[in-house]
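Residue-level structure breakdown
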Amino acid sequence: MDALLDLLLSPIGGGLAALTAAFLWALASLWFTRLGSHLSVIEVNLLKGLLALILLVITLYGSGGSLQSIPKNALGLLLISGVVGITLGDSAYLQALQHLGPRRTLLLATLAPPMVGLIAWGVLGETLSWLSWLGIFVTVAGIAWVILERTPDSAPAFDLKRGLWFGFLAALSQSVALVLSRVALTRTSVDSLQSTILRLAAAVVVLAAWSLIRRRSLISISVFRAQPQLWGTLAAATFIGTYLAMWLQQVSIGLAPAGIVQTLLSASPLFILPMAALQGQKITPRAVLGALLALSGVALLFAS
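Residues numbered from 1 in each chain as written. Predicted model: local features only at pLDDT ≥ 70, side-chain atom pairs only at ≥ 80, totals over all residues. Heavy atoms only, no water.

**Side note on the overall build of the protein**
Looking only at helices and strands, the protein has 14 helices and 0 strands in total. When the elements of the protein are put in sequence order from the N terminus, they spell out α-α-α-α-α-α-α-α-α-α-α-α-α-α. Residues counted as buried form 50% of the 304 residues belonging to the protein. Accessible area of the protein: about 14,100 Å², with a carbon and sulfur share of 70%. (Helix = DSSP H or I, 4+ residues; strand = E, 2+ residues; numbered from the N terminus. Buried < 20%, exposed > 50% of the residue type's maximum accessible area, 1.4 Å probe, protein only. Areas by Shrake-Rupley, 256 points an atom, 1.4 Å probe, with all protein chains shown as cover.)

This is the structure we're talking about:
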């Protein structure tokens, strides 16, 4: 039992947590796409954040933890990480889902690992080897190979240019947020559950304030009255894609190097392909090869 616990608390455990989060995000993306056809992006982001926050606080205090023990030097890092990664990043991600669909959006998210490498190079002065640059090229090539394919889901209902912009913004925001979280989790005594709560709380406050400033209702009650089944969709997507996946992400960031974590989090495209196939969508050989090419580039980048 002790050996198993040691394994789960090692970088290997962090990798398993990241891979599990990637699977859960892929699954939740299908439900969030369905919600996005009835609710605005801000509403979906705010609702999932509020519900997940309640669950996380109950979990924290139910397990004997508290928010009072959070060190001050971690507070600012995590609050900024929440606003950048969730308020901005998740909102852009949900917009991308509406314009690109879940498969292409998740493939575009594989830009995040090379972005982390570039941010570290530009801000921290970390140089990249030729193998790292090769990894960036292969990753981008794999993404381009898939998103430029003409498929049935590239019908006029989808806006490729707008979707690509939001997908890029989501990847960049989440890359910056991951680096900030990594600093807080490795250089302070804050734990993964506390960090998840802080990040979500900051995001929810900013989203609510933004909605009030724009004089929009926080929740479209009429939509849920007309289609009460949406509550079940929202609950399932939030529990899996926000409560569990975000918590697992923070666990993995605290246990494994950021590059490895982001690489494994980018495995969602591999999970979304069979899910899309089960829903009756045609998955072309080009889509499969493009996903594998993109992920092999990510692996090259952080194996260097």
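**Let's talk about a nonpolar patch on the surface**
Where nonpolar side chains cluster on the molecular surface, the patch consists of Leu118, Trp121 and Trp133 and spans about 300 Å² of accessible area. Considering the arrangement of structural elements, one finds Leu118 in helix H6 (residues 112–124). Leu118 sits in the partly exposed class, given a relative accessible area of 32%. (Patch = residues over 30% accessible without salt bridge, like charges linked within 9 Å, V, L, I, M, F, W, Y side chains within 5 Å. Salt bridge = Lys/Arg side-chain N within 4 Å of Asp/Glu carboxyl O.)

**Looking at the layout of surface pockets**
What the second largest pocket holds in volume is close to 210 Å³. The wall of the second largest pocket is formed by 12 residues, among which Ile42, Ser91, Leu207, Trp210 and Arg214 lie closest to the centre. Per element, the largest residue contribution to the lining of the second largest pocket is 4 residues, and it comes from helix H4 (residues 72–100). Among the residues making up the lining of the second largest pocket, the classes are represented as 6 nonpolar, 4 polar and 2 charged. (1 Å grid on protein atoms, 1.4 Å probe; cavity = no way out; pocket = protein on both sides within 12 Å on 5 of 7 lines; lining within 4 Å. Points joined across faces, edges and corners; volume = space filled by probe spheres on them. Nonpolar A, V, L, I, M, F, W, Y, C, P; charged D, E, K, R; others polar.)

**Description of the nonpolar core**
Ranked by size, the top nonpolar core spans 29 residues in total, and within it Phe32, Leu35, Leu39, Val44, Leu94 and Ile272 carry the most contacts. Those elements that place two or more of their residues in this core are helix H2 (11–36), helix H3 (41–62), H4, helix H5 (102–108), helix H8 (160–187), helix H11 (229–255), helix H13 (268–278) and helix H14 (285–303). Counting 18 residues, the second-largest nonpolar core is a separate cluster that includes Leu24, Leu78, Leu198 and Ile253. (Core = buried A, V, L, I, M, F, W, Y, C linked by side-chain atoms within 4.5 Å.)

**What to know about the packing of aromatic side chains**
All chains considered together, the criterion is met by 2 aromatic pairs. Three or more aromatic residues joined by ring pairs make a cluster, and in this case those are Phe239, Tyr243 and Trp247. The ring centre of Phe32 lies 5.9 Å from the NZ or CZ of Lys48, which sits over that ring. (Phe/Tyr/Trp six-rings, centres within 6.5 Å; stacked < 30°, edge-to-face > 60°. Lys NZ or Arg CZ within 6 Å of the ring centre and 35° of its normal.)

**Remarks on the environment of Leu230**
With respect to the helices, strands and loops of the structure, Leu230 is situated in helix H11. In this structure, the C-alpha to C-alpha distance between Leu230 and His38, residues 192 residues apart in sequence, is 8.9 Å.

**Notes on the environment of Leu255**
Along the polypeptide, Leu255 turns up in helix H11. Overall, the relative accessible area of 23% leaves Leu255 in the partly exposed class. Between the C-alpha atoms of Leu255 and Ala17, which are 238 residues apart in sequence, the distance is 9.4 Å.

**Quick look at helix H12 (residues 258–265)**
Counting buried positions along H12 gives 6 out of 8 residues, so the element sits mostly inside the fold. Where H12 is concerned, the buried positions are Ala258, Gly259, Val261, Gln262, Thr263 and Leu265.

**Some details on empty space enclosed by the protein**
Enumeration over the complete set of coordinates arrives at 3 cavities of 30 Å³ or more. Counted as a void, the largest cavity has a volume near 480 Å³. Around the largest cavity, the lining is made up of 29 residues, and of these Trp25, Asp90, Tyr93, Gln174 and Gln249 lie nearest the centre. Contributing elements (two or more residues each) for the lining of the largest cavity: H2, H4, H8, H11, H12 and H13. By residue number, the principal contributor to the lining of the largest cavity is H11, which donates 6 residues. For the lining of the largest cavity, the class distribution of residues is 15 nonpolar, 11 polar and 3 charged.

**Here's the deal with the side chain of Ser173**
Looking at where Ser173 falls in the secondary structure, it is placed in helix H8. Look at Ser173 and you get buried, because its relative accessible area is 5%.

**A few points about the packing of H3 against H11**
Two numbers describe how H3 lies on H11: the axes approach to 9 Å, and their chain directions differ by 55°. Judged by the angle between their axes, H3 and H11 are oblique. The two elements H3 and H11 cross, and the hand of that crossing is right-handed. Contacts between H3 and H11 pair Leu47, Lys48, Leu51, Ala52, Leu55, Leu56 and Thr59 from the former with Leu234, Thr238, Phe239, Thr242, Tyr243 and Trp247 from the latter. Its residues assigned to classes, the contact of H3 with H11 shows 9 nonpolar, 3 polar and 1 charged. (Axes fitted to C-alpha atoms, helices over the stretch in contact; angles between N-to-C directions. Parallel < 35°, antiparallel > 145°, perpendicular 65-115°, else oblique. Left-handed = near helix turned anticlockwise from the far one by under 90°. Contact = heavy atoms within 4.5 Å.)

**Considerations on the side chain of Gln249**
As for its placement among the helices and strands, Gln249 is situated in helix H11. For Gln249, a relative accessible area of 12% corresponds to the buried category.

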